[in-house]
Protein chains: 2
Amino acid sequence: MTTKFCTTTNLPCGFTTSAMHIGFKRKRLDFAVVKSETLCNIALMVTKNKFKGAPLLASLDHAQNGKAQAIAVNAGNANAGNGLQGIKDAKEMAYLVAKKIEIFNTDVIVASTGIIGKPMPMKVFRKQITDLPPLNTNFTQTEQAILTTDTKTKSISVTVCGAVIKGRTLKQMLKTAVDQSFNGISVDGEMSCNDMVVLMANGMNKISVKQIYFEQALRYVCLNLARMIVEDGEGATKVIEATVAGARRAGMAEKLARSLTTSPLIKTAAYGRSPNWGRIAARIGAENGNFSVEKMEIVMNGHCLYKNGKTSKFHTDRLVQSLGGKSVSIIVDLHQGDKTFTAYGCDLTEQYVAINAAYS
Amino acid sequence: MTTKFCTTTNLPCGFTTSAMHIGFKRKRLDFAVVKSETLCNIALMVTKNKFKGAPLLASLDHAQNGKAQAIAVNAGNANAGNGLQGIKDAKEMAYLVAKKIEIFNTDVIVASTGIIGKPMPMKVFRKQITDLPPLNTNFTQTEQAILTTDTKTKSISVTVCGAVIKGRTLKQMLKTAVDQSFNGISVDGEMSCNDMVVLMANGMNKISVKQIYFEQALRYVCLNLARMIVEDGEGATKVIEATVAGARRAGMAEKLARSLTTSPLIKTAAYGRSPNWGRIAARIGAENGNFSVEKMEIVMNGHCLYKNGKTSKFHTDRLVQSLGGKSVSIIVDLHQGDKTFTAYGCDLTEQYVAINAAYS
């Protein structure tokens, strides 16, 4: 009856993987496959961006029956904005991988990350995929192969033991977990054309757990992966955790909290260790909606900075010192309702500019 | 019957000005007054931000009768977030200035720019205002005194001659001009607590012009001042002019065009001279609304990059060369209606981060 959360990179029971340099990036590992021994129940969620990468469209098609057996993922080319040819290429990727690892092509989920609008170098892919190394249980290289601007690999595993789980509602559980994690983070407020989350369950560990424990573990994994993403945002030196509480509507709490984590002035202030709460007040005031800025309270790293319509007395030195740490917590309480939302973001540094000005 | 647009810094007939170092900033000029010989008809527009600086609230009060005779403006302290004391201070500023220049206190418009949430150093102000130098017609120092993070002063004057003007609809004319200029620009997508535009007309030049010529001149002034603001955005090296055409609704064209000028990825791409149109497509795709991304066409500096659902063939070298200039033009045609909006922004550079991380 216990849930143990640990962060090993052991693959779950029945899963194997392989990674290689297929040639989309100049030198690094840029392609990986994860395969399950048996067919999995899956849940797939993709970006809300209307301009979706071709692999997402191909994968949504393959996931229609709620089943899949493998994921094929490349870095270096997003295969987005390539029209019908892109979807043809994504489907061909799935087909060639399926052939290589001996499963059905429609049981392969394909994912791509990288530059938008460049044709997939399929000639290279067709030639190289035949050299995919044998599948094994070492996830280390696979983690490397799916990096884009990331500086660190991200993986996490959770062991759930005990009890009995009744029924399968993977999709709903994933949606809830993703809404509270990946959908609450942003590096710069942009929305990827290629983001996807896939949950695969092959049932091979033979352990049945109560749904509530599984849900708890899934939330833990998603939230921690999501935090790793913002921690590793381009050029980021610290995480901004922004909570808007006391809102009348949940949607308003979410809109305001997100606006705090994407505001360039708040992000540069976090970087510069500035207790400039006026930027927070200005950001909240800039949003439309049925709330009054007079009632709002602003708290930064535990120090109350603004309340009852005016600046609070606070220990500037202590606050500035705490802003030197790895995280900045901002709480804005509107004092007008009971809805709360927490958004996660990161600071904005010169490195962000340098990386994204050069990335093309 | 001609309208002559020129950019001198001559003050209009009947206006005088004075600037000084009052002590809100360490060394620079930080306070200025502009006075009209006679009472003016005025139109006042203030930021839509709910968290308005106290000077705006005081000025809205003073402007209720549509009349004013002077503007008092300081840099270094925004007098925002200071509660009732802030309004008291703003009113006292108006009173002390009025006394000094011998007009009624309710005929003074006050404006402040600088840090939010710091009390106004009124002791200093009360003492120093008595030393305001005599009013004169040299606007040069006044331009200096109202700078914040600006690197350059901004002023423009237009001479309108001939014809007859019937009736005064200053307010409506200003609103139209501002909507098409100041309201279409952004440096970083943030919304100031203290922005205001005030139009003063003392009728002393004795020239009557047709309303249409006056409107034309007003639009010219507003648009050019607005462009100067983005050109001089913190760390900016170039202006981004983003037009969204072919939208079904004007509001949608505006929302999308603004999203292009505030996107950190598009702004860094502009800085890095990158023809990465995928970031434009992703930005448009991220917005909710009743439009289809398949039909969209993307044109950058005259080069068509995306059309009919796929990448166009374009001269990368020529485009990259043109991106080395002082401006980047982006046109996204949705091909779904006849509504158009042009937004003006600037690129995002390491200097933006450095300036805003240090400014507190």
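The shown structure was predicted, so the numbers you read here are calculated from the model rather than taken from an experiment.

Caption draft 1: Structural detail: the packing of helix α5 (residues 170–179) of chain B against helix α6 (residues 211–231) of chain B. All names here are of chain B. Two numbers describe how α5 lies on α6: the axes approach to 9 Å, and their chain directions differ by 40°. Of the possible angle classes, the one that applies to α5 and α6 is oblique. Judged by the twist between their axes, the crossing of α5 over α6 is right-handed. Taken together, the residues of α6 that come into contact with α5 (itself represented by L170, M173, L174 and A177) are Q211, F214, E215, L218, R219 and C222.

Caption draft 2: Broad picture of the domain arrangement of chain A. Residue and element names in this part refer to chain A. Annotation of chain A at the domain level lists domain 1 (3–231) and domain 2 (239–358). Averaged C-alpha coordinates put domain 1 and domain 2 at centres separated by 33 Å. Domain 1 puts 12 residues into the contact, and the matching count from domain 2 is 14 residues. Between domain 1 and domain 2, roughly 1100 Å² of surface is buried when both sides are summed, and carbon and sulfur atoms account for 55% of that area. The largest contributions to the domain 1 side of the interface with domain 2 come from G184, R227 and V230, which together make up 38% of the buried area. Taken together, the connections running from domain 1 to domain 2 amount to one salt bridge.

Caption draft 3: Geometry of the packing of helix α7 (residues 250–262) of chain B against helix α9 (residues 278–286) of chain B. All names here are of chain B. Between α7 and α9, whose axes approach to 10 Å, the crossing angle comes to 135°. With respect to α9, the element α7 is oriented oblique. The two elements α7 and α9 meet at a crossing, and its hand is right-handed. On α9, the residues touching L256, S259 and L260 of α7 are I280, R283 and I284. Within the contact of α7 with α9, the residues separate by chemical class into four nonpolar, one polar and one charged.

Caption draft 4: Expanded view of the relation of the copies chain B and chain A. Here chain B sits on chain A after a turn of 180° about the axis and a move of 0.0 Å along it, with an RMSD of 0.1 Å. The symmetry that links the two subunits is that of a two-fold axis. Distance from the rotation axis, computed per C-alpha, reaches its smallest value in chain B at E350 of chain B: 2.3 Å. Both copies share a contact surface, since 100% of the interface residues of chain B are interface residues in chain A too.

Caption draft 5: Looking closely at the confidence of the model for chain A. The pLDDT averaged across chain A works out to 91; a share of 94% of its residues lies at or above 70. Confidence drops under a pLDDT of 50 for residues 162–167 of chain A, and excluding neighbours within four residues, the segment shows 22 contacts in the predicted structure.

Caption draft 6: Looking closely at the sheet that holds strand β10 (residues 303–307) of chain B. Strand order in this open sheet of six strands is β11-β10-β9-β12-β8-β13 (chain B), and the pairing throughout is mixed. Only two strands of the sheet have a single partner each, and these edge strands are β11 (310–311) and β13 (339–346) of chain B.

Caption draft 7: Focus on helix α9 (residues 278–286) of chain A. Taken across its nine residues, α9 of chain A has nine buried, putting it largely inside the fold. Contacts made by the buried residues of α9 of chain A are with α7 (250–262), α8 (264–271), β9 (297–300) and β12 (327–333) of chain A together with α11 (350–358) of chain B.

Caption draft 8: Molecular detail of the interface of chain B and chain A. Every contact between the two is made by 54 residues of chain B and, on the other side, 54 residues of chain A. Together, K50, F51 and E190 of chain B form the three largest contributors to the area buried by chain B at its contact with chain A, with a combined 18%. We note a salt bridge from E190 of chain A to R283 of chain B, for which the minimum N-O separation is 3.0 Å. Taken together, the links from chain B to chain A amount to 22 residue pairs in polar contact (both at pLDDT 80 or more). Mapped by element, the contributors of at least two residues to the side of chain B that touches chain A are α8 (264–271), α9, β11 and α11 of chain B. It is α9 of chain B that contributes the most residues to the side of chain B that touches chain A, seven residues altogether. Tallied by class, the residues present in the side of chain B that touches chain A amount to 24 nonpolar, 21 polar and nine charged.

Parameters at a glance
- Residues numbered from 1 in each chain as written.
- Chains lettered and ligands numbered in written order.
- Predicted model: local features only at pLDDT ≥ 70, side-chain atom pairs only at ≥ 80, totals over all residues.
- Heavy atoms only, no water.
- Axes fitted to C-alpha atoms, helices over the stretch in contact; angles between N-to-C directions.
- Helix = DSSP H or I, 4+ residues; strand = E, 2+ residues; numbered from the N terminus.
- Parallel < 35°, antiparallel > 145°, perpendicular 65-115°, else oblique.
- Left-handed = near helix turned anticlockwise from the far one by under 90°.
- Contact = heavy atoms within 4.5 Å.
- Domains from an automatic or database assignment.
- Buried area = accessible area lost by both parts, 1.4 Å probe.
- Salt bridge = Lys/Arg side-chain N within 4 Å of Asp/Glu carboxyl O.
- Nonpolar A, V, L, I, M, F, W, Y, C, P; charged D, E, K, R; others polar.
- Least-squares fit on C-alpha atoms with pLDDT ≥ 70 in both.
- pLDDT = per-residue confidence, 0-100.
- Pairing = 2+ DSSP bridges.
- Buried < 20%, exposed > 50% of the residue type's maximum accessible area, 1.4 Å probe, protein only.
- Polar contact = N/O pair within 3.5 Å; in protein donor to acceptor, adjacent residues only side chain to side chain.

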